[in-house]
Amino acid sequence: MMSKEALLNTALMALLLLVPLGAWFADEPFLITLTTRAVIFGIAGIGLNFALGLGGLVSLGHAAFFGLGGYVMGVLAYHAQTYTSLMTWPFELPGTTAMTIIWLVAICLSALLALGIGALSLRTSGVYFIMITLAFAQMLYYFAISWPAYGGEDGLSIYVRNRFVGLNTMDPIQFFMVCYGLLLLVLGLVWAMARSAFGLALGAARQNEERVRALGQKPQRLYLTAFVISGAITGLAGALFADLNRFVSPTMFSWQTSGEIMIFVILGGVGRVFGPVAGAALFILLEYSLGGLSDYWHVYLGAILLGVVLFARGGIYGLIAGREVAHD
Amino acid sequence: MSLVLFIEQVLNGLQFGVMLFLMAAGLTLVFGVMGLINLAHGSLYMVGAFAAAATAAATGSFVLALIASLVFAAFAGVLIEVLVIRRLYERDHLDQVLATFALILIFSEGTRWLFGSFPLFLDKPDWLSGTVGLPFGIVYSRYRLAMILVGLAVAVGLFWMIAKTRIGIRIRAGENDREMIAALGVNISLLHTFVFALGAALAGFAGALIGAIQSVQVGMGEPVLILAFVVIVIGGIGSIKGAFVGALLVGLTDTLGRFLLPVLFRLAMEPSAANAVGASLASMSIYLLMAGVLLFRPRGLFASQ
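Residues numbered from 1 in each chain as written. Chains lettered and ligands numbered in written order. Predicted model: local features only at pLDDT ≥ 70, side-chain atom pairs only at ≥ 80, totals over all residues. Heavy atoms only, no water.

So, about the interface of chain B and chain A. With 47 residues of chain B at the contact, the number on the chain A side is 44 residues. By the criterion of area lost to chain A, the three top residues of chain B are Leu94, Leu98 and Phe101 of chain B, representing 14% of everything that side buries. Linking chain B to chain A there are zero salt bridges. For the interface between chain B and chain A, the tally reads eight residue pairs in polar contact (both at pLDDT 80 or more). (Contact = heavy atoms within 4.5 Å. Buried area = accessible area lost by both parts, 1.4 Å probe. Salt bridge = Lys/Arg side-chain N within 4 Å of Asp/Glu carboxyl O. Polar contact = N/O pair within 3.5 Å; in protein donor to acceptor, adjacent residues only side chain to side chain.)

Spelled out as structure tokens, the structure:
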């Protein structure tokens, strides 16, 4: 007998696979792209949820990692497609259009950025942490706007989607399968990490820092590790998102992006492994259905979000599967 | 010659800093007394600017426009405090962030629906346009000078209110111990509404004053809000003095950074590259300032604890 949560997980993942497959048979590429967006946003949300749900770190600056991932893709592909080098000294570094390399670079650089931002922001906690992460993301936003080499305010267009061995990534369904595969991989990793000794210690530190310290663990180190992993996952999502649009712009660094990633997590349910995926899917559904109703659909989104926060805490998963994981 | 230009930039930095203080004061008061992080503070700034622009367009009077900005922003503040914010005081910061983020979405789209997507313009009145001569042959914009003086006057008034009046005593008592002053018979929920409306009015006033030198448009509040966050992180949350010092530091660092860094890089680089690198670094300067303060004083320069 599966629990309600496991049933919901299975239904969600099946739906995310069946909708684009159906759309492929019905020759509706737009629907495939829409689902791909949901999958990528889901990965970004899983990243944030690792810090927020498991570690209790309310980061309002995850756009920093999402945007960095996007720019890694943009810059590497731009140099490869124009046959120029990223740098010539002290050694020559060419660009690349291989997705796997782009992902690796995006993950590593996002992890490094998260290490820097985390080390500074974790010197504080609570409301300071929220404001500081938001401020650092805004710093990168202004840097991306004022740095003219890669398009500045206008962003950077890439004409051909990057390559993945054996696939035609320009075909929407094939690119979707790549993203879906990565989603499964990330879900599996996060699932395993949440149950590892590290994940358990992190959850314990969120609930009671003093006791964890008394047991000989270092909460600050746990938080920082969680923040780095979280940033790396969101950075990967950023690289995929830029590849989906074949375009990257400073908007990916904006505070609205940070807010939206947080909305995915909250709509789905904080602390649930699959929650952000459900939240992202619901967000795309709302955007699509409400966006058709009215140009001012953000008013409705705001009202729904307000309702969820004030009255239906726990998001979709809390509503359907009951409150098992409390966030505090 | 160059010194005159430099002093002019210092004045610009002061003007920017004083306006940031009007934003940051409300945020830091609301956090200090109610323990609430309010992302929708930028929306109140926008409400003030739009109220001023609409009133100026209807009546032609700048003074009426400023009064309208105070009234409308305070009214919007009371409205959201009573309907939404009040339910958030006992919630955790995550809920506060999300609910006030939702308020931003509602305010921004609502304003776009009412006024359209095109920016409005708020003209300076005739008696404040043009320039004014200062000692040492400095010529400075009359309007910006007025902004500095008005901002400083508001700051002095705020310090006086908090230090000397009965309501100020209650605000300080509320910061120290919420339950205790409620037990002593102070109407705590009225006090909360008052503090929130005061912060809203200050933000709306800043929006109107800035609206006359920039365009009035949807989304104008959030960049200023994030700068105000940087200000109170530097100053220490809950401290009005910290907000004032932080605001001036941020205003001067940003303005002088934009002015001096390109000049500095031009010593070592060709002019176009120097301008690009200088501008990029200048856009990051206040965040680097914040990081520097965090390294040495994690709870800000004037933290209350």
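Let us look at the packing of helix α2 (residues 29-54) of chain A against helix α11 (residues 275-293) of chain A. Residues and elements named next belong to chain A. Contact pair α2 / α11: the axes reach a minimum separation of 7 Å and the direction vectors enclose 140 degrees. The pairing of α2 with α11 is recorded here as oblique in orientation. In this structure, α2 meets α11 at a crossing whose hand is right-handed. Residue-level inspection shows Phe30, Leu34, Arg37, Ala38, Phe41, Gly42, Gly45, Ile46 and Asn49 of α2 in contact with α11, the latter providing Pro276, Val277, Ala280, Ala281, Ile284, Glu287 and Tyr288. (Axes fitted to C-alpha atoms, helices over the stretch in contact; angles between N-to-C directions. Helix = DSSP H or I, 4+ residues; strand = E, 2+ residues; numbered from the N terminus. Parallel < 35°, antiparallel > 145°, perpendicular 65-115°, else oblique. Left-handed = near helix turned anticlockwise from the far one by under 90°.)

Residues and elements named next belong to chain B. The terminal C-alpha atoms of helix α5 (residues 142-164) lie 32 Å apart, and with 23 residues this matches the ideal 33 Å at 1.5 Å per residue to within 8%. Of the residues making up α5, those classed as buried are Tyr143, Ala146, Met147, Ile148, Gly151, Ala155, Leu158, Met161 and Ile162. Looking at the buried positions of α5, the neighbouring elements they touch are α1 (2-34), α3 (62-83), β2 (138-141), α6 (166-176), α8 (188-211) and α10 (240-266). If you check the start of α5, you find a side-chain oxygen 3.3 Å away from the backbone N of Tyr143, and it comes from Ser141. (Expected span 1.5 Å × (residues − 1). Buried < 20%, exposed > 50% of the residue type's maximum accessible area, 1.4 Å probe, protein only.)

Proximity of charged atoms lets side chains of opposite charge pair with each other. A complete count under the given rule lists eight salt bridges over all chains for this structure. Ionic pairing is found between Arg213 of chain A and Glu210 of chain A, a salt bridge with its closest N-O pair at 3.1 Å. Of this pair, Arg213 of chain A and Glu210 of chain A both sit in helix α8 (residues 209-214), three residues apart, roughly one helical turn. A salt bridge links Arg112 of chain B to Glu109 of chain B; its shortest N-O distance comes to 3.2 Å. With a gap of three residues between them, Arg112 of chain B and Glu109 of chain B both fall in helix α4 (residues 93-115), about one helical turn apart. With relative accessibility at 27%, the residue Arg112 of chain B sits in the partly exposed group. Look at Glu109 of chain B and you get buried, because its relative accessible area is 7%. Among the charged side chains, a salt-bridge network with shared partners connects Glu209, Glu210 and Arg213 of chain A.

Among the nonpolar cores identified, the biggest contains 215 residues, and Leu183 and Met262 of chain A together with Phe21, Phe229 and Met290 of chain B are the most heavily contacted of them. In terms of residues, this core owes the most to one element, helix α9 (residues 219-245) of chain A, which gives 15 residues. (Core = buried A, V, L, I, M, F, W, Y, C linked by side-chain atoms within 4.5 Å.)

Another aspect to go through is the side chain of His79 of chain A. Residues and elements named next belong to chain A. The residue His79 is located in helix α3 (residues 63-81) in this model. At 2.8 Å, the side chain of His79 forms a polar contact with the side chain of Tyr150. Once residues lying within four places of it in the same chain are set aside, the contact partners of His79 are Thr84, Ser85, Leu86, Gly95 and Tyr150.

As a further point, take a nonpolar patch on the surface. Residue and element names in this part refer to chain B. A contiguous nonpolar surface patch, about 670 Å² in accessible area, is contributed by Val63, Leu64, Ile67, Leu70, Val71, Phe72 and Trp127. Residue position: Val71 is located in helix α3. For Val71, a relative accessible area of 48% corresponds to the partly exposed category. (Patch = residues over 30% accessible without salt bridge, like charges linked within 9 Å, V, L, I, M, F, W, Y side chains within 5 Å. Areas by Shrake-Rupley, 256 points an atom, 1.4 Å probe, with all protein chains shown as cover.)

Pairing geometry for strand β1 (residues 131-134) of chain B and β2 of chain B, over four bridges, is antiparallel. Within β2 of chain B, the position partnered with Gly133 of chain B by the bridge is Val139 of chain B. (Pairing = 2+ DSSP bridges.)

What follows deals with the packing of aromatic side chains. All names here are of chain A. For the coordinates displayed, the defined rule picks out 24 aromatic pairs over all chains. Each ring, one from Phe143 and one from Trp147, has its centre 5.4 Å from the other, and the planes form 20 degrees; the classification is stacked. Given a relative accessible area of 27%, Phe143 falls into the partly exposed group. Taking the relative accessible area as the measure of exposure, Trp147 reaches 32% and is therefore partly exposed. The positively charged end of Arg161 is found above the aromatic ring belonging to Phe175, 4.3 Å away from the centroid. The ring of Trp191 carries the charged tip of Arg195 above its face, separated from the ring centre by 4.0 Å. (Phe/Tyr/Trp six-rings, centres within 6.5 Å; stacked < 30°, edge-to-face > 60°. Lys NZ or Arg CZ within 6 Å of the ring centre and 35° of its normal.)

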